Amino acid sequence: MTERDLIKLEATIRNKMEEIKKQRVSLKDSGIGGLMNSLKKVDEALYEKIFLYYNTMATESKIFK
């Protein structure tokens, strides 16, 4: 995976997180899990950084109610 593909994947994940936060789409329907797994295989450090943001977003917006 090239650097450009990695940047594109990160942007897609962040956009999906914003959609989830605004409750436009559910966690299951967003497909974010598959994207996060792809990211974890390619770049573990970036995955950890995004996962921390994901956890914060999920707890603050109370998605898992």
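Residues numbered from 1 in each chain as written. Predicted model: local features only at pLDDT ≥ 70, side-chain atom pairs only at ≥ 80, totals over all residues. Heavy atoms only, no water.

(A) Quick look at the overall build of the chain. For the chain, the count of helices and strands is four helices and zero strands. Going from the N terminus to the C terminus, the chain shows its helices and strands as α-α-α-α. Computed over C-alpha atoms, the radius of gyration of the chain comes to 12 Å, within 12% of the 11 Å expected from 2.2 N^0.38 for 65 residues, which places it in the range of a compact globule. Across its three principal axes, the chain shows a C-alpha extent of roughly 35 × 20 × 15 Å. Taken over 65 residues, the chain has a buried fraction of 25%. Taking the contacts inside the chain whose residues are at least 6 apart along the sequence as the reference set, 53% of them involve residues at least 24 apart. Working note: accessible area of the chain is about 4700 Å², and carbon and sulfur atoms make up 52% of it. Charged side chains of the chain number 13 positive and 10 negative; the gap between the two group centres comes to 6 Å. (Helix = DSSP H or I, 4+ residues; strand = E, 2+ residues; numbered from the N terminus. Rg over C-alpha atoms; globule rule 2.2 N^0.38 Å. Buried < 20%, exposed > 50% of the residue type's maximum accessible area, 1.4 Å probe, protein only. Contact = heavy atoms within 4.5 Å. Areas by Shrake-Rupley, 256 points an atom, 1.4 Å probe, with all protein chains shown as cover. Lys, Arg positive; Asp, Glu negative; His and termini not counted. Charge placed at Lys NZ, Arg CZ, Asp CG, Glu CD.)

So far we have only geometry, and geometry alone does not tell us how the molecule works.
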